[in-house]
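Here is how the chains run, residue by residue.
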Amino acid sequence: RRRLGDASVDEVTGHKRLAPTDATDVAGFVCAALGLVIAAGGGIGGGGMLVPIYVLVMGFKPKFAIPLSNMTVLGGAIANVAMNAGKRHPL
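Residues numbered from 1 in each chain as written. Predicted model: local features only at pLDDT ≥ 70, side-chain atom pairs only at ≥ 80, totals over all residues. Heavy atoms only, no water.

(A) Broad picture of the nonpolar core. By size, the foremost hydrophobic cluster in this structure holds six residues: A32, L50, Y54, M58, F60 and A65. If we skip the residues at most four places from it in the chain, Y54 touches A32, G59, F60, A65, L68, S69 and T72. (Core = buried A, V, L, I, M, F, W, Y, C linked by side-chain atoms within 4.5 Å. Buried < 20%, exposed > 50% of the residue type's maximum accessible area, 1.4 Å probe, protein only. Contact = heavy atoms within 4.5 Å.)

This is the structure:
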């Protein structure tokens, strides 16, 4: 675990910086992407899956994991609208 005095740890959040990615970053991105794919296929937002992924896999504090999850769900919703905007309604 990284300490707050580390050069790679942000003073405000207490979390490591993104620039030198490591295995936990890659695992978190993969898990979040798979969670969003499953959530989008089921028609739900996916925030209930993303917050535990951000806390347990990537090591975020809940104070920062919850807004990050909200923004990730918003990005997924915008991507869904962009993909489905040109489709015709079946009725």
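(B) Quick look at helix 2 (residues 47–57). Along helix 2, the positions that sit buried rather than exposed are L50, I53 and Y54. Projected onto a plane normal to the axis of helix 2, the buried residues spread over an arc of 95° and lie on a single side. Opposite its buried face, helix 2 presents the exposed residues G48 and L56, each directed more than 90 degrees away. Those residues of helix 2 hidden inside the fold are in contact with helix 1 (23–42) and helix 3 (62–84). (Helix = DSSP H or I, 4+ residues; strand = E, 2+ residues; numbered from the N terminus. Arc of directions from axis to C-beta.)

(C) Representation of the packing of aromatic side chains. The tally for this structure, following the rule as stated, stands at one aromatic pair. With centroids separated by 6.2 Å and ring planes inclined at 75°, the aromatic side chains of Y54 and F60 adopt a geometry described as edge-to-face. A residue is classified by how much of its surface remains accessible, and Y54, at 6% relative accessible area, is buried. Of the residues examined, F60 reaches a relative accessible area of 18% and is grouped as buried. (Phe/Tyr/Trp six-rings, centres within 6.5 Å; stacked < 30°, edge-to-face > 60°.)

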